[in-house]
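Examination of the molecular architecture
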Amino acid sequence: MIKHRLVFVGGGNMGSALVGGLLAAGWEPADIAVVERVPARVAQLCGLFPGVTVTGEMVPAEGAVIAVKAYDVGAAAELVVASGARRVLSIAAGISIAALDAVFGEGVAVVRGMPNTAALVGKGAAAIAVGPSSAEADLVWAEEVLGAVGTVTRVPEAQLDAVTVLAGSGPAYLSLVAESLVDAGVLAGLPRGVSQAVVGQVFTGYAALLVESGRDPVALRAEVTSPGGVTAAALRVLEGRGLRSAFLEAVMAGTERSRELGQTGVEALGARLRHPPEASGRDAT
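The following refers to the structure shown. (Residues numbered from 1 in each chain as written. Predicted model: local features only at pLDDT ≥ 70, side-chain atom pairs only at ≥ 80, totals over all residues. Heavy atoms only, no water.)

1. What to know about the pairing of strand S1 (residues 4–9)
- Most of S1 is tucked away, with five of its six residues classed as buried.
- In this sheet, strand S4 (residues 61–66) lies alongside S1 in parallel orientation, the contact comprising five bridges. Within S4, the residue paired with phenylalanine 8 across the bridge is valine 65.
- Sheet topology note: the S1/strand S2 (residues 32–35) ladder contains four bridges and is parallel. Counterpart to valine 9 in the pairing with S2 is valine 35.
- Crossover S1 to S2 through helix H1 (residues 13–24) is right-handed. (Buried < 20%, exposed > 50% of the residue type's maximum accessible area, 1.4 Å probe, protein only. Helix = DSSP H or I, 4+ residues; strand = E, 2+ residues; numbered from the N terminus. Pairing = 2+ DSSP bridges. Right-handed = clockwise from strand over helix to strand, strands pointing away.)

Structural data, given as structure tokens:
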């Protein structure tokens, strides 16, 4: 059988975003495979990525990406073992490197990553952490995969939960802010379409300023806040209503929840190791 350069276990939004990014970066379609068990999704992926192998069964591969929910990692890991992959990048939230190492054993390099939904438009913000089984070359490999759809930052594994809450959940926070601003514009007399267009461009322009200028948010805020002016009056209300505190508490609550979910996933993975499907009569997927 053909041995693929990379196989994705899971063809959801994030998996397909990474496939699209790699193809745009110059990877050959024949180098990539996607394992997806939902027939309707298989058909969609085949239409999106001509030449990419999309199948319900595992295929041989040099490297693998686990792109499933935490509770499905056990089944996905068993498929990866069957593929013979020597490098694994897991983007399943909360599943520790130690838990993955216990599944794959010696000889398989494991890297944990956390991308976000902006990868769908090539503007992702991802972080990676490496385990004791991995070397510099494995980090570079993971950076190549995730870097095809955005930026990649290396962090200690202990910081990945915070990255999950900022990068992974961040689009939800900004969506809530955008929704609120659009509604506020309508309340102030703007047609909804006009208000949404203005807010969208404000987000686009601010993101460019923040990233490209190298200035921090405090400096950017100060530049548009004249003493006694319109912005100062509006910010006084936001600060008075506890907006800053709400974000701080939200991020801390999300970080704790990420740890809890990760622990649940790790426990489920451990149970699968102790009682494999072959022993219990259950299907491995």
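Okay, back to it.
2. Quick look at the nonpolar core
- Formed by 33 residues in total, the largest nonpolar core has its most connected members in Val7, Ile66, Val80, Ile95 and Phe104.
- Listing elements by their share of this core, those giving two or more residues are S1, S2, S4, helix H3 (73–83), helix H4 (97–104), strand S6 (109–114), strand S7 (124–130) and helix H6 (160–168).
- With residues up to four places along the chain from it excluded, the contact list for valine 7 reads Ala33, Val35, Met58, Val59, Ala61, Gly63, Ala64 and Val65.
- Residues Leu45, Val52, Ala67 and Leu89 belong to the second largest nonpolar core, which totals 29 residues. (Core = buried A, V, L, I, M, F, W, Y, C linked by side-chain atoms within 4.5 Å. Contact = heavy atoms within 4.5 Å.)

3. Here's the deal with the environment of glutamine 263
- Structurally, glutamine 263 is set in helix H11 (residues 243–274).
- When its relative accessible area of 43% is taken as the criterion, glutamine 263 is described as partly exposed.
- C-alpha of glutamine 263 to C-alpha of alanine 43: the two residues are 220 residues apart in sequence and 34 Å apart in space.

4. Topic: the sheet that holds S7
- In space, the eight strands of this open sheet follow the order S3-S2-S1-S4-S5-S6-S7-S8, with mixed pairing throughout. Looking at which strands have only one partner, the edges of the open sheet turn out to be strand S3 (53–55) and strand S8 (150–154). Pairs of neighbouring strands in the sheet enclose a mean axial angle of 20 degrees, with direction left out of account.
- Pairing analysis gives three bridges linking S2 to S3, with the strands arranged parallel. (Axes fitted to C-alpha atoms, helices over the stretch in contact; angles between N-to-C directions.)

5. Quick look at the environment of valine 194
- Looking at the element boundaries, valine 194 is found in helix H8 (residues 192–213).
- Residues valine 194 and valine 145 lie 49 residues apart in sequence; the distance between their C-alpha atoms is 38 Å.

6. Concerning the pairing of S6
- The buried count for S6 comes to six of six residues, which makes it a mostly enclosed element.
- Side chains Ala109, Val111 and Gly113 of S6 all project onto a buried face; the interleaved residues Val110, Arg112 and Met114 project onto the opposite face, where all are buried too.
- Where strand S5 (residues 87–90) meets S6, four bridges bridge the pair, whose relative direction is parallel. Bridge assignment links valine 88 to a residue of S6, and that residue is valine 110.

7. Some remarks on the pattern of salt bridges
- What the rule picks out here adds up to 12 salt bridges.
- Residue glutamate 144 pairs with arginine 5 through a salt bridge whose shortest N-O separation is 3.3 Å. Here arginine 5 lies in strand S1 and glutamate 144 lies in helix H5 (residues 136–147), a separation of 139 residues in the sequence.
- Judged by relative accessible area, which is 36%, glutamate 144 ranks as partly exposed.
- Measuring nitrogen to oxygen at the nearest pair gives 2.6 Å for the salt bridge that ties aspartate 138 to arginine 87. Separated by 51 residues along the polypeptide, aspartate 138 in helix H5 and arginine 87 in strand S5 bring together distant segments of the chain.
- Taking relative accessible area as the criterion, aspartate 138 reaches 8% and is therefore assigned buried.
- Residue class for arginine 87 comes out partly exposed when judged on its relative accessible area of 27%.
- Linked by salt bridges that have partners in common, Arg5, Asp31 and Glu144 make up one network. (Salt bridge = Lys/Arg side-chain N within 4 Å of Asp/Glu carboxyl O.)

8. Considerations on the packing of aromatic side chains
- Applying the stated criterion across every chain yields a total of zero aromatic pairs.
- When the ring centre of tryptophan 27 is taken as reference, the NZ or CZ atom of arginine 5 above it lies at 3.7 Å. (Phe/Tyr/Trp six-rings, centres within 6.5 Å; stacked < 30°, edge-to-face > 60°. Lys NZ or Arg CZ within 6 Å of the ring centre and 35° of its normal.)

9. Describing the environment of valine 81
- Structurally, valine 81 is set in helix H3.
- With a relative accessible area of 48%, valine 81 lands in the partly exposed category.
- Taking the C-alpha atoms as reference points, valine 81 and phenylalanine 104, 23 residues apart in sequence, are found 6.7 Å from one another.

10. Focus: the packing of H3 against H4
- At a closest axis distance of 10 Å, the pairing of H3 and H4 adopts a crossing angle of 45 degrees. Compared by their axis directions, H3 and H4 come out oblique. The crossing of H3 and H4 is right-handed. Seen from H3, the contacting residues are Val73, Ala77, Val80 and Val81; seen from H4, they are Leu100, Val103 and Phe104. (Parallel < 35°, antiparallel > 145°, perpendicular 65-115°, else oblique. Left-handed = near helix turned anticlockwise from the far one by under 90°.)

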